[in-house]
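Remarks on the overall topology
This is what each chain is made of:
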Amino acid sequence: MSTDFEDFRMSHLVRTAEDWKQLVSLGATEESPLDFDFTFISTSKDAIADLEKELSDYSLSVSSEGIFKKKFTISGNSGAIAWNESRLLQWVDYLIQVGADSGCEFEGCGASAP
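Residues numbered from 1 in each chain as written. Predicted model: local features only at pLDDT ≥ 70, side-chain atom pairs only at ≥ 80, totals over all residues. Heavy atoms only, no water.

1. A look at the nonpolar core
- Counting 25 residues, the largest nonpolar core has F36, F38, F40, W91, V92 and F106 as its most contacted members.
- Broken down by secondary-structure element, the contributors of at least two residues to this core are helix 1 (3-25), strand 1 (33-42), helix 2 (45-54), strand 3 (71-82), helix 3 (85-102) and strand 4 (105-110).
- Looking at this core element by element, the count peaks at six residues for helix 3. (Core = buried A, V, L, I, M, F, W, Y, C linked by side-chain atoms within 4.5 Å. Buried < 20%, exposed > 50% of the residue type's maximum accessible area, 1.4 Å probe, protein only. Helix = DSSP H or I, 4+ residues; strand = E, 2+ residues; numbered from the N terminus.)

2. Comments concerning the pairing of strand 2 (residues 59-65)
- Where strand 2 and strand 3 come together, seven bridges link them in antiparallel fashion. Paired with S61 across the bridge in strand 3 is S75. (Pairing = 2+ DSSP bridges.)

3. Points about helix 2
- When we look at burial in helix 2, the residues that qualify are A47, I48 and L51. Taken around the axis of helix 2, the buried residues stretch over an arc of 100°, which confines them to a single face. In helix 2, the exposed positions that point more than 90 degrees away from the buried face belong to K45, D46 and K53.
- Lining the buried residues of helix 2 we find strand 1, strand 2, strand 3 and helix 3.
- The residue sitting at the N-terminus of helix 2 and contributing the capping side-chain oxygen is S44; that oxygen lies 3.3 Å from the backbone nitrogen of D46. (Arc of directions from axis to C-beta. Contact = heavy atoms within 4.5 Å. Polar contact = N/O pair within 3.5 Å; in protein donor to acceptor, adjacent residues only side chain to side chain.)

4. Digging into the environment of A17
- Take A17: it is sitting in helix 1.
- Sequence separation between A17 and S42 is 25 residues; the distance between their C-alpha atoms is 25 Å.
- Those residues in contact with A17, other than ones at most four positions away along the chain, are E85 and L89.

5. Quick word on the pattern of salt bridges
- For the coordinates displayed, the defined rule picks out three salt bridges.
- Among the ionic pairs, E6 bridges to R9, the shortest N-O distance being 2.5 Å. Pair noted here: E6 and R9 are both in helix 1, with a separation of three residues, about one helical turn.
- For R9, a relative accessible area of 17% puts it in the buried group.
- Here R9 and D93 are joined by a salt bridge, their closest N and O atoms 2.6 Å apart. Residue R9 is found in helix 1, and its partner D93 is found in helix 3; the two are separated by 84 residues along the sequence.
- Its relative accessible area of 25% is what places D93 among the partly exposed residues.
- Salt bridges linked by common partners bring E6, R9 and D93 together as one network. (Salt bridge = Lys/Arg side-chain N within 4 Å of Asp/Glu carboxyl O.)

Next comes the structure, spelled out in structure tokens:
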């Protein structure tokens, strides 16, 4: 793995841990069903199609913008799941890696407080 990718990965994992702490401070517990949304971007329609296949268990939507320099966005959500910090970090790490493997960039994820 490249240093740039590892820095990118770690920055998202640090933000996710901070997000979890914020959700807990707002009343989330390990029993709270939280529905996390997530987003990826790419300039390649093929990369988006590959990612769609990899994430076929999730409800996904794809959009594009631009005419000559297309940018594709793929968004989805986890569904309501009772998370803990460790499980959430593992899931985000998975999303980052599957996105990179497909040629897409993970933009982030988030959930609303219960």
